[in-house]
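Inside the fold
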Amino acid sequence: MPAPGARINVTADGQAVDTANLGFTMSPHEECALEAGLALVEAHGGSVTALTLGPVDAEEQLRYAASLGVGAVVLVPIDDLDWDPQRTARAITTAITELEAADGPFDLVVFGNESADSGGFQVGIRVARAQARPMVTGAKGIRVEGDVVRVQREIDGVQEVYELPLPAMVGVKEGVNLPRYPTMKGRLASRKAVVNSTPVAAAAGGQTMVHLMPPPEQASHLVVLGEGPAAAPAVVDVLVERGVL
Amino acid sequence: MFVEHDRGAVVPAAFEALTFGRALAVALGAELHAVTVGMPADAAATELGDFGAVVVHQAHHDLLTDYGADASADALADLVGSLGPAAVVACGTDRGNEVLAQLAARLDAPFVANVLPDDLAPHVPADASWELTRVRWGGSLLERTTVTAPVKLLTVALHAVEAAADASPAAGEARPYTPAIDPAAAVTIVRERVERQSGQTLATAAVVVGGGRGVGSAEGFAPLEDLAAELGGVVGCSRAVTNNGWRNHTDQVGQTGTRIGADVYFACGISGAIQHWVGASGAKCIIAINTDPAANMVMKADYAVIGDLHEIVPAITAAIRTGRG
Ligand SMILES: Cc1cc2nc3c(=O)[nH]c(=O)nc-3n(C[C@H](O)[C@H](O)[C@H](O)COP(=O)(O)OP(=O)(O)OC[C@H]3O[C@@H](n4cnc5c(N)ncnc54)[C@H](O)[C@@H]3O)c2cc1C
Ligand SMILES: Nc1ncnc2c1ncn2[C@@H]1O[C@H](COP(=O)(O)O)[C@@H](O)[C@H]1O
């Protein structure tokens, strides 16, 4: 996904985020999904595969994943910027089925809770359903004990725990762990990583974007209270006015 | 309307969604029906009537001991089959989005998450594609989208609708039913739970003192802690801070952290990236403290103090103490 700063600009035709001056990044929940996989493999053995569906430029993010120690990286290339959630889920399901046919089943497939850009809250769940595997989203804790994954999440301050038999799927939220940074060695090795390109055909779903638009701007009503510590009494006045003092 | 509840207590967002659902029903010329899953929610029927539900379908089943996304979706799918509704609506909470996504997967139907209530009537013809506005990028971008399906599945973005009871309450007629639930759904029912802690949370605190990269270190947060304590508030932070390991992610304000609703938010050494802003903008008053007068946080704040937070924050705490004598 693009990494915008103070605001997100939309292209003139309203079809995409204007990325002319933007870098790209992996979104936070997915970074944590990757870290979850790496940590589980460190504790229990096995290997991690990272998969993304996107334009060829998304290879940059897969190389980043490789630099962290991921074993295999898979790109499902698409020509467009985005596919609708049903189509994305169908393609990822097919790609996973193909990978599993070659190398055996994944014990756990980890998704982000929601994609930071499209925010559909559904791709992982659709894939899990298509694969007939149990799925819990919103995970803030994951622990594998034998053949079971214990998933902990928070709903309005209540902590819930789920126990899913493996193979299973989980959607994680940022905060489930603190993602590692790549080492210099990992960075160098990732340049040579082979990206497995797996084109997949998938039928479009029933939701179609018409256009993007910025939310209504809020008018500025900034009052500068002053510079440095001398402004402290003016801050206190505001706190009194706002009823918190 | 799928009515989210926690062991019988209907969540506030469900009333927002009901209010939306009522407007949608009017636009469609349809009746609003509510669904509650599990016996503990049976008592809510009257109140759901007050919010416009003509009928309240009450799913009863041995498996429905506590919340479960699969069991809830099975219970809904059963009803979609027998009633053939124009739409199924839920609130855009973690559970609401999860249940509707599970339902969508069962029906192989599109699901539009986090819809806004604006301008519904002309865009929801009874038997064709609908055009809706939905929230993306955690609220910093909107999308006009069409949805084409026999039954439209949507969730309503949080805090986008003010919950309001119906001026002329509906009957809320209770209709218990026993849905077909796949025994496999038992696997995703809550196993254990730890009840909510009493005390303040970042989401609900009246005062939040937020610190960003400008704080410089974990220890640098001590003066922010002092100010928060003086005001009976809590400390928040930006993602730069959690990424550096200075504070726990539970303190993070923003798109992938917590959305706050404080009366006053201090943003100290925070530049105001859009992903931080969407978590902070729910605060009623924002006071930015930043060395950079052109920082986005400063430009968007209600009040700003320009300068070094390491000098300004302790000075504010001292001024409060002086005022108290
Ligand atoms: C998909 C996605 C989701 C994200 N979600 C979140 C999120 O939930 N929350 C979040 O916060 N970010 C989030 N981010 C990250 C966000 O884009 C920014 O990188 C982050 O908010 C920057 O944090 P910051 O303002 O603390 O740091 P910076 O942008 O580095 O800003 C530091 C500020 O401190 C000021 N400063 C420096 N020294 C001092 C001093 N001594 N006194 C006063 N001021 C000083 C500087 O002038 C500057 O304005 C997300 C990013 C992406 C891509
Ligand atoms: N194009 C994609 N490539 C890989 N994973 C994806 C893609 N789109 C969505 N996902 C996964 O599905 C999750 C939910 O996405 P969404 O339904 O768009 O909110 C994301 O957090 C990702 O883990």
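To start, this report covers the structure provided alongside it.

**Examining the overall build of chain A**
If you tally the helices and strands in chain A, you get six helices and twelve strands. In terms of overall dimensions, chain A has a C-alpha envelope of 70 × 45 × 40 Å along the principal axes. When burial is assessed residue by residue, chain A has 47% of its 245 residues classed as buried. In the structure as shown, chain A presents an accessible area of about 11,700 Å², 53% of it carried by carbon and sulfur atoms.

**With respect to the site of ligand 1**
The local shell around ligand 1 holds 28 residues, among which Arg 213, Ser 238, Ser 271, Gln 275 and Asn 290 of chain B are the closest. Lying at an intersection of chains, ligand 1 is approached by residues of chains A and B. Asp 308 of chain B is positioned such that a nitrogen or oxygen atom in its side chain is 2.9 Å from a nitrogen atom of ligand 1. Only α6 (239-243), α7 (274-280) and α9 (309-324) of chain B provide two or more residues apiece to the shell around ligand 1. When the residues that make up the shell around ligand 1 are grouped by side-chain class, the tally is eight nonpolar, 16 polar and four charged.

**Observations regarding the side chain of Thr 93 of chain B**
All names here are of chain B. Tracing the sequence through the fold places Thr 93 in the loop between β5 (87-91) and α4 (94-107). Residue Thr 93 is classed as buried on the basis of its relative accessible area, which comes to 16%. Excluding its chain neighbours within four sequence positions, the residues that come into contact with Thr 93 are Glu 4, Ala 13 and Leu 158.

**Digging into the pairing of strand β9 (residues 168-172) of chain A**
Residue and element names in this part refer to chain A. The buried fraction of β9 amounts to five of the five residues, a majority that puts the element mostly inside the structure. Here β9 shows two buried faces, one formed by Ala 168, Val 170 and Val 172 and the other by Met 169 and Gly 171. Pairing geometry for strand β5 (residues 108-112) and β9, over five bridges, is parallel. In the sheet register, Val 110 faces β9, and the bridge partner there is Val 170. Relative to β9, strand β6 (residues 135-145) runs parallel, the two sharing three bridges. Within β9, the residue paired with Ala 139 across the bridge is Val 172.

**Quick look at the site of ligand 2**
Residues and elements named next belong to chain A. If you check the shell around ligand 2, you find 16 residues, and the closest are Glu 30, Leu 53, Gly 112, Ser 115 and Phe 121. Contact distances for ligand 2 include 2.9 Å between an oxygen atom and a backbone N or O atom of Gln 122. At 2.9 Å, a backbone N or O of Val 123 approaches an oxygen atom of ligand 2. Considered on its own, ligand 2 offers 480 Å² of accessible surface; in the complex 86% of this is hidden by protein. Those elements giving two or more residues to the shell around ligand 2 turn out to be β3 (49-54), α3 (85-103), β5 and α4 (123-130). Sort the elements by how many residues they give to the shell around ligand 2 and β3 lands first, with three residues. In terms of residue class, the shell around ligand 2 is built from six nonpolar, eight polar and two charged.

Thresholds, definitions, all that
Residues numbered from 1 in each chain as written. Chains lettered and ligands numbered in written order. Predicted model: local features only at pLDDT ≥ 70, side-chain atom pairs only at ≥ 80, totals over all residues. Heavy atoms only, no water. Helix = DSSP H or I, 4+ residues; strand = E, 2+ residues; numbered from the N terminus. Buried < 20%, exposed > 50% of the residue type's maximum accessible area, 1.4 Å probe, protein only. Areas by Shrake-Rupley, 256 points an atom, 1.4 Å probe, with all protein chains shown as cover. Near = heavy atom within 4 Å. Polar contact = N/O pair within 3.5 Å; in protein donor to acceptor, adjacent residues only side chain to side chain. Nonpolar A, V, L, I, M, F, W, Y, C, P; charged D, E, K, R; others polar. Contact = heavy atoms within 4.5 Å. Pairing = 2+ DSSP bridges.

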